[in-house]
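Inside the fold
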Amino acid sequence: MYIWSFILFLNPVTVAMQQLPSQEGEVCIRIPAMEQEKSVVQCTIYNSGFEPVRMIPLQGGHSKGIYTLQVRTLPPGAYVLQVGARRLDIHLE
């Protein structure tokens, strides 16, 4: 029982997605679970009405699960980014 607790504690997949600082027109996100992923996973960006405004395929296996997405054509505001079953509220300036 203690061994399982220790293994789960060390598993980086349990770390949530997060938005990182980025340049204008870009969104930099960290998805720790994607570092272990071997295939392409769909990333969808939704507007405040939860309508899809951008779909971006993400290749798994990036170092530390860090991705930079180009969003120059999206107006500033609040969005929801979804990768698989994971969701992250993001803000574009």
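These lines cover the structure that appears in this document, whether it is placed above or below. (Residues numbered from 1 in each chain as written. Predicted model: local features only at pLDDT ≥ 70, side-chain atom pairs only at ≥ 80, totals over all residues. Heavy atoms only, no water.)

Points about the pairing of strand 2 (residues 26-30)
Put simply, the rule reads: Only protein chains enter the accessibility calculation, which uses a 1.4 Å probe; a residue whose area is less than 20% of its type maximum is buried, one above 50% is exposed, and one in between is partly exposed. Only DSSP runs of H or I covering at least 4 residues are called helices, and only runs of E covering at least 2 are called strands; the numbering of each starts at the N terminus. Between any two strands, pairing holds if DSSP finds at least two bridges.
Counting buried residues along strand 2, four of its five residues qualify, which places the element largely inside the surrounding structure. Bridging between strand 1 (residues 18-20) and strand 2 involves three bridges; their strand directions are antiparallel. Counterpart to Leu20 in the pairing with strand 2 is Cys28. The antiparallel hairpin formed by strand 1 and strand 2 contains five residues in its connecting segment, where Gly25 sits at a positive phi of about 85°. Here strand 2 pairs with strand 5 (residues 66-70) via five bridges, running antiparallel. Its bridge partner lying in strand 5, Val27 is registered against Leu69.

A word on the pairing of strand 7 (residues 86-92)
Direction of pairing for strand 6 (residues 77-83) relative to strand 7: antiparallel, over a ladder of seven bridges. Each bridged residue has a counterpart across the sheet, and for Val80 the counterpart in strand 7 is Asp89. Between strand 6 and strand 7, which pair antiparallel and follow one another directly, the connecting turn spans two residues, one of which, Gly84, has a positive phi of 60°.

Focus: the sheet that holds strand 3 (residues 40-46)
Rules: With axes taken as lines fitted to C-alpha atoms, and helix axes fitted only over the stretch in contact, angles between N-to-C directions fall between 0 and 180 degrees.
Sheet architecture is open: four strands sit in the order 4-3-6-7, paired in antiparallel fashion. The open sheet has two edge strands with one neighbour each: strand 4 (52-59) and strand 7. Adjacent strand axes in the sheet meet at a mean angle of 25° when their direction is disregarded. By the bridge criterion, four bridges tie strand 3 to strand 6 in an arrangement that is antiparallel. For Cys43, the partnering residue across the bridge sits in strand 6 and is Val83.

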